[in-house]
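Descriptive analysis of the structure
Take a look at the letters that make up each chain.
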Amino acid sequence: MADIELRNLSKHFGSLAAVDDIDLDVEAGEVVCLLGPSGCGKTTTLRMIAGLEDVTAGDIFIAGARVNDLAPRERDIAMVFQFYALYPSLTVSENLAFPLHAERITKEEIERRVREIAGLLDLSHALGRVPGRLAEGEKQRVAVGRAVIRDPQCFLFDEPLSRLDIAVRQEMRGQIKQLLNGLHKATVIVTHDQIEALTIADRIAVMRDGIIEQVASPHDIFAKPANVFVAGFIGTPQMNLVEANVIDADEDTATVNMLGQEVVLPLHAEVSLQGTVARRNAPLTVGVRPRGLAPASEAGPTTISGQVDLIEPMGAETLIHLRIGENDLRVVTSRGHPAAVGETMHVAPTPGQVHLFDHDGVRIAS
Ligand code: ATP
């Protein structure tokens, strides 16, 4: 039994299905990130779990009990919002202790928990300060600490780091992951920041238009996207997704017509093109990440050729845009790239880096 279970959960605002019949299980000790573009239903899902939004249909279970009809404070959850609200006149220690005053625990136990949480969140040095004398990252850590100190059944985070600047955010990602690892609670985090999701989550639920497109580990979401939406949404720079037609296929390769060129693609060991997909002219979408294309010295059966249109230095790597007819093919090379704007460049998909999607945009895997 999962600690948080969503069953056929929907939320309609008038005719809009903000959340449309989703299922999700979050185990104790597991961190699940809801990730997706703006308006896909992440916050609405979180608010329904918290009890801040009524459900239109479906059920929510926390620790096995149906909580649809329970008020937020009866659900034994802690929620951390994007906007932290600390008591400005109380010290960090008093802010952290505040939620414990309503519970029947001794002063010594309160002090012990404050010290423990402050240690986990690297706040021990700041316990005597008021919020006005804290850095932004420290303030948000106090807000997180205040939410988790009560030892609830599960945690809900709504874009907890989005207000922080990039350097602080990076540091806090690691701290939150460590904290959550130590607390062993079911946790749901809403974010539109894929790096945040990829670093913090045990599993990611990618949402679009109120539905969950894929739930998987960060590795599998990246390496085995279930469909073209997830493939294009996850990963920077974005995966190249190119329409193609099958010319021929065997166990290890598929010869396709893509970008007006005939290309022999190396197939992933798990993929075999069978049945209708192997049919001559069957339409496919070929997905290759920019780092999955390697420059080749000359054109050959496995290469794709294009004209260098734009070169974007990215520090240790360079992003090259190849123009092929109306299409833009993105290639990432290590520094010292081999071409200049206007030149013709040949690239070959690296074995293991070719993703194939069928006519409906669904990943082809055997
Ligand atoms: P963001 O990342 O921008 O916060 P989100 O994925 O969290 O987006 P939601 O806030 O859950 O998305 O909104 C999902 C859809 O429901 C959106 O189209 C939004 O406009 C709509 N919506 C949300 N709350 C309400 C409301 N109270 N009344 C009407 N429509 C709403």
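As the structure is a computational prediction, the values presented were derived from the model and not from experiment.

Attention now moves to helix H3 (residues 107-120). Taking 1.5 Å per residue, 14 residues should reach 20 Å; H3 reaches 20 Å between its end C-alpha atoms and fits that length. Within the sequence span of H3, burial applies to Ile110, Arg113, Val114, Ile117 and Ala118. All buried residues of H3 lie within an arc of 130° about the axis, which places them on one face of the element. Counted as exposed and oriented over 90 degrees from the buried face of H3: Glu108 and Arg115. Each element contacted by the buried residues of H3 is listed here: helix H2 (92-97) and helix H4 (136-148). Asp122 occupies a position one or two residues after H3 and carries a positive phi of about 55°.

Split into domains, the protein chain comes out as domain 1 (4-226) and domain 2 (240-357). Each of domain 1 and domain 2 has a C-alpha centre, and the two are 40 Å apart. The interface of domain 1 with domain 2 comprises four residues on the first partner and four residues on the second. For the pair domain 1 and domain 2, the summed buried surface comes to about 370 Å²; carbon and sulfur atoms form 57% of the total.

Time to look at the site of the ligand. Taken together, Phe13, Leu16, Ala18, Pro37, Ser38, Gly39, Cys40, Gly41, Lys42, Thr43 and Thr44 make up the full set of residues near the ligand. For the ligand, an oxygen atom lies 2.7 Å from a polar atom in the backbone of Gly39. A distance of 3.0 Å separates an oxygen atom of the ligand from a polar backbone atom of Gly41. Bound to the protein, the ligand loses 58% of the 640 Å² it would expose on its own. Taken together, the elements giving at least two residues each to the shell around the ligand come down to strand E2 (16-26) and helix H1 (42-50). The element best represented in the shell around the ligand is H1, accounting for three residues.

Our focus in this paragraph is H4. The terminal C-alpha atoms of H4 lie 19 Å apart, and with 13 residues this matches the ideal 18 Å at 1.5 Å per residue to within 8%. Those residues of H4 that are buried are in contact with strand E6 (77-80), H2, H3, strand E7 (154-158) and helix H5 (166-183).

To continue, consider unusual backbone geometry. Here the bond from Thr236 into Pro237 is cis, since omega is -10°, no more than 30 degrees from zero. Take Pro237: it is sitting in the loop between helix H8 (228-233) and strand E11 (240-249). Its identity is not glycine, yet Asp209 carries a phi of approximately 45°, on the positive side. Relative to the helices and strands, Asp209 resides in the loop between strand E9 (203-208) and strand E10 (211-216). Given the relative accessible area of 60%, Asp209 is considered exposed.

Reading the values: rules and limits
Residues numbered from 1 in each chain as written. Predicted model: local features only at pLDDT ≥ 70, side-chain atom pairs only at ≥ 80, totals over all residues. Heavy atoms only, no water. Helix = DSSP H or I, 4+ residues; strand = E, 2+ residues; numbered from the N terminus. Expected span 1.5 Å × (residues − 1). Buried < 20%, exposed > 50% of the residue type's maximum accessible area, 1.4 Å probe, protein only. Arc of directions from axis to C-beta. Contact = heavy atoms within 4.5 Å. Domains from an automatic or database assignment. Buried area = accessible area lost by both parts, 1.4 Å probe. Near = heavy atom within 4 Å. Polar contact = N/O pair within 3.5 Å; in protein donor to acceptor, adjacent residues only side chain to side chain. Areas by Shrake-Rupley, 256 points an atom, 1.4 Å probe, with all protein chains shown as cover.

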